[in-house]
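Report on the structure
Spelled out from the first residue to the last, the chains are:
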Amino acid sequence: MALTAVDAGEVAVRAVPTGTARPGSDKTARDLAVRGLAKRFGAAEVLKGVDLDITAGCSTALIGANGSGKSTLLRCCLRLLEPSQGSVALLGQEITALRGAPLRRLRARVGFVFQKHNLVPRLSALTNVLHGAQARHGGPRCWYQGLAPRTLRDEAMHCLERVGLADQAGKRADRLSGGQSQRVAIARALMQRPQMVFADEPVASLDPAAGEEVMKLFSDLMREKNVTLFFTSHHLRHALDYADHLVALRGGRKVIDGASSDHDMAALKAIYT
Amino acid sequence: MTPGGPIPAAAAARPTAALPPRFERPGALAFLIYVVALAFFVLAIEGSRISVTGFLEGLPHMGDLFVRMIPPDLSRIAPIGQALLETFQMALVGTALGVALSLPLAVCATSRLSPHPAVYYLARGLISWFRTVPDLVWALFFVVTVGLGPFAGTLALMVDTMGFCGKFFAEAMEETEPGPQEALSALGASRSGVICSAVFPAALPSFINTALFSLEKATRSSVVLGLVGAGGIGIELKVAMDLFEYPTAATIIICIFALVLLVERLSSYLRHRII
Ligand SMILES: Nc1ncnc2c1ncn2[C@@H]1O[C@H](COP(=O)(O)OP(=O)(O)OP(=O)(O)O)[C@@H](O)[C@H]1O
Ligand SMILES: [Mg+2]
């Protein structure tokens, strides 16, 4: 019943706080437009012609069973994986046509939070956050916090404060708990001053309480800065609570695409059968 | 089954399926290879002229040599100390230069980080060439190139270190976790950014360990390099032995032993401190 693809027409875009709105952003701007995206690993066809639009400033959840292609889709959007076919327009630029410095400049404006935080283990939390500025500031300034100018260190510290970890700034990343690590990863994404953030199961490795807390913090930070958020989750509650818009994949095809208020738990559970 | 009663005999558990044989029976080809290898080893014993009687007959000479070395002659301790210092300086500088040059070479020889497959194979080839040519041969080569003296020895140690560190640095970098590197690429970091802020920090303990081993190795090699005129204490030892000045030779050997031991102790201390 609910498995028919709903047109991504009328998406309720939340009120954009005046002052923080990006220049040129309006209610119809698309931060991500995917057309006919296919990805094959050898003979296995993991994505089978996915079309997807994500409205600027909107929060979208991507759900689907294990192996349905969620991570692959996210990776293809940033070209961490090379799409086999189709086009991906990210922040108005066709990412499949870019390489070298232009590709890096585009990636700089897009954060990516992984399931496993992917922090550099032997470096401090502060240095890991500072790495977020690497695309803006080349050279050794952003390799290690000791080499960074005052303004960048201040900004990195501010990002850590935003995720409530100012007191852990000097601690090595591999000595942090899972929840703390994930918050540092979020701070690193904030340091990019992103326009859009991708997150692949950002809280899947956290316990329920920490997961709830980090997901709420993450969502609040993104809303406050009017950042477009595109995240995957196996928590249907998170998808319904934190996303304005829902997309579901099943076997590499899009099966749901619509406002999250139009769907309920029962309908969503059907995609896992 | 009373508590504390006898444990049921394990012999009761007999498998119904047949057990595999204790040893695999080798195939005809494998058997042939074993026979040839054994025959070669027997010939090798013959070829190396190993002889128990020769050794036993030589023992008194060894004892004689020891007796004549005692007491060690300390009259030439100042020039010996000077040569020893030079030896260690060669080892230190050769290792430092070698480690510094190994880093870019090893990056090129790491499949994930190499700028181009051609560069990768070139770097791999260069490293194995540096490794397979013995340091004494490098020393002979550099003596011809830059003349007698410690500079030739330092260059030989540098090249030898590049062969050793290049291989192990590249291996350490291959083994680093790809996750943090992917995260940095995803946020738009350049290749040099990824290498310096994710790969090097992750591989650092291994780098330090390898560099310290390399220093130990270079200290031992630098003693020998003097024999071909590439600087260091080796030449002093050779001259003393050739002139039958055994007490002086004894002093030199003790000094070499002390230096090598000191460097090994220092390196294991640093290893524990830093890692
Ligand atoms: N590098 C790869 N090489 C080959 N096959 C791959 C590769 N990456 C993913 N796949 C396959 O693609 C399919 C989709 O994987 P993907 O990770 O995108 O699923 P997912 O929806 O994220 O699943 P999960 O919920 O478990 O994270 C799986 O069948 C997987 O085996
Ligand atoms: Mg996944």
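Because the structure is predicted, anything quoted here is derived from the model rather than measured. (Residues numbered from 1 in each chain as written. Chains lettered and ligands numbered in written order. Predicted model: local features only at pLDDT ≥ 70, side-chain atom pairs only at ≥ 80, totals over all residues. Heavy atoms only, no water.)

**Quick look at the overall build of chain B**
The number of helices and strands found in chain B is ten helices and zero strands. Beginning at the N terminus, the succession of helices and strands in chain B can be written as α-α-α-α-α-α-α-α-α-α. Over its C-alpha trace chain B gives a radius of gyration of 27 Å, far above what one expects of a compact globule, namely 19 Å for 275 residues. The 275 residues of chain B split such that 37% are buried. In chain B, of all internal contacts separated by at least 6 residues, the share reaching a separation of at least 24 is 76%. With an accessible surface of roughly 16700 Å², chain B has 72% of that area assigned to carbon and sulfur atoms. Distance between charge centres in chain B, computed from 17 positive and 18 negative side chains, equals 8 Å. (Helix = DSSP H or I, 4+ residues; strand = E, 2+ residues; numbered from the N terminus. Rg over C-alpha atoms; globule rule 2.2 N^0.38 Å. Buried < 20%, exposed > 50% of the residue type's maximum accessible area, 1.4 Å probe, protein only. Contact = heavy atoms within 4.5 Å. Areas by Shrake-Rupley, 256 points an atom, 1.4 Å probe, with all protein chains shown as cover. Lys, Arg positive; Asp, Glu negative; His and termini not counted. Charge placed at Lys NZ, Arg CZ, Asp CG, Glu CD.)

**With respect to empty space enclosed by the protein**
Taken as a whole and judged by the stated rule, the model has four cavities of 30 Å³ or more. Taken as a whole, the largest cavity spans an internal volume of roughly 50 Å³. Lining the largest cavity, in full, are A:F112, A:A185, A:R188, A:A189, A:Q192, B:A183, B:A186 and B:L187. Of all the elements, helix 5 (residues 178–191) of chain A adds the most residues to the lining of the largest cavity, at three residues. Across the lining of the largest cavity, the residue classes break down as six nonpolar, one polar and one charged. (1 Å grid on protein atoms, 1.4 Å probe; cavity = no way out; pocket = protein on both sides within 12 Å on 5 of 7 lines; lining within 4 Å. Points joined across faces, edges and corners; volume = space filled by probe spheres on them. Nonpolar A, V, L, I, M, F, W, Y, C, P; charged D, E, K, R; others polar.)

**Focus on the site of ligand 1**
All names here are of chain A. Around ligand 1 lies a shell formed by F41, V46, A65, N66, G67, S68, G69, K70, S71, T72, E201 and H234. Side-chain polar atom of K70 to an oxygen atom of ligand 1: 2.7 Å apart, as the coordinates give it. With the chains in place, 56% of the 640 Å² that ligand 1 exposes on its own is no longer accessible. Residue contributions to the shell around ligand 1 peak at three residues, all from helix 1 (residues 70–77). (Near = heavy atom within 4 Å. Polar contact = N/O pair within 3.5 Å; in protein donor to acceptor, adjacent residues only side chain to side chain.)

**Some points on the interface of chain A and chain B**
The interface is formed by 23 residues belonging to chain A together with 21 residues belonging to chain B. Of the roughly 1800 Å² buried where chain A meets chain B, counting both sides, 63% is carbon and sulfur surface. Considering only the surface of chain A that becomes buried against chain B, A:R104, A:R122 and A:W143 emerge as the three largest contributors, covering 30% of it. At the level of elements, helix 2 (100–108) and strand 6 (110–113) of chain A are the ones that each hand at least two residues to the side of chain A that touches chain B. Ranked by the residues each element gives to the side of chain A that touches chain B, the list is headed by helix 2 of chain A, at three residues. (Buried area = accessible area lost by both parts, 1.4 Å probe.)

**A few points about unusual backbone geometry**
The amide bond that connects B:I70 to the next residue, B:P71, takes the cis arrangement and shows omega of -5 degrees. Backbone geometry places A:R79, a non-glycine residue, at a positive phi of 60 degrees. For A:E201, which is not a glycine, the phi torsion comes out positive at approximately 45 degrees. With respect to the helices and strands, A:E201 occurs in the loop between strand 7 (196–200) and helix 6 (208–224).

**Some words on the packing of aromatic side chains**
All names here are of chain B. Taken as a whole and assessed by the stated rule, the structure comprises 14 aromatic pairs over all chains. With a centroid separation of 6.0 Å and 80 degrees between ring planes, the pair formed by W138 and F141 is classed as edge-to-face. Residue W138 and its partner F141 are both found in helix 5 (residues 135–146); the two are separated by three residues, about one turn of the helix. A ring pair is formed by F244 and Y246, whose centres lie 6.3 Å apart and whose planes are at 65 degrees; its orientation type is edge-to-face. Note on F244: relative accessible area 59%, which makes it exposed. On the basis of relative accessible area, Y246 is assigned to the buried category, the value being 11%. Clustering of aromatic rings is evident, with ring pairs tying together W129, F130, W138, F141 and F142. (Phe/Tyr/Trp six-rings, centres within 6.5 Å; stacked < 30°, edge-to-face > 60°.)

**Examining the pairing of strand 7 of chain A**
All names here are of chain A. Of all the five residues making up strand 7, five are buried; the element is thus mostly covered by neighbouring parts of the structure. Burial of the side chains of strand 7 extends over both faces: M196, F198 and D200 are buried on one face and V197 and A199 on the other. Where strand 6 and strand 7 come together, four bridges link them in parallel fashion. The residue bridging V110 from the neighbouring strand is M196, located in strand 7. (Pairing = 2+ DSSP bridges.)

**Digging into the side chain of A:R188**
Here A:R188 is to be found in helix 5. We note that A:R188 is buried and unpaired, the nearest opposite charge coming from B:E182 at a distance of 9.6 Å. Excluding residues within four positions of it along the chain, A:R188 makes contact with A:H117, A:N118, A:L119, A:N128, A:V129, A:H131, A:G132, B:A183 and B:L187. (Salt bridge = Lys/Arg side-chain N within 4 Å of Asp/Glu carboxyl O.)

**Looking at the layout of surface pockets**
What the largest pocket holds in volume is close to 500 Å³. Along the wall of the largest pocket there are 20 residues; nearest its centre are A:R107, B:S185, B:A189, B:R191 and B:V194. Of all the secondary-structure elements, those providing two or more residues to the lining of the largest pocket are helix 2 of chain A together with helix 7 (178–186) and helix 8 (191–225) of chain B. Split by residue class, the lining of the largest pocket holds seven nonpolar, five polar and eight charged.

**Quick word on the confidence of the model for chain B**
All names here are of chain B. Per-residue confidence for chain B gives a mean pLDDT of 88, with 95% of residues at or over 70. When mean pLDDT is compared element by element in chain B, helix 4 (residues 117–132) scores highest at 94, while helix 2 (residues 52–69) scores lowest at 86. Our summary of model confidence lists the complex with pTM equal to 0.81 and ipTM equal to 0.84. (pLDDT = per-residue confidence, 0-100.)

**A short note on the domain arrangement of chain A**
All names here are of chain A. Each assigned domain of chain A is listed here: domain 1 (30–107 + 228–273) and domain 2 (110–193). The centre of domain 1, based on its C-alpha atoms, is set 26 Å off from the matching centre of domain 2. Each partner contributes to the interface: domain 1 provides nine residues, whereas domain 2 provides five residues. Summed over both sides, the interface of domain 1 with domain 2 buries roughly 520 Å², with 74% coming from carbon and sulfur. Summed over the three residues of domain 1 that lose the most area to domain 2, namely R75, L78 and R107, the buried surface amounts to 52% of that side. One can count zero salt bridges joining domain 1 with domain 2. Viewed at the interface, domain 2 and domain 1 are joined by two residue pairs in polar contact (both at pLDDT 80 or more). A per-element tally of the side of domain 1 that touches domain 2 places helix 2 first, with three residues. A breakdown of the residues in the side of domain 1 that touches domain 2 according to their chemical character gives six nonpolar, no polar and three charged. (Domains from an automatic or database assignment.)

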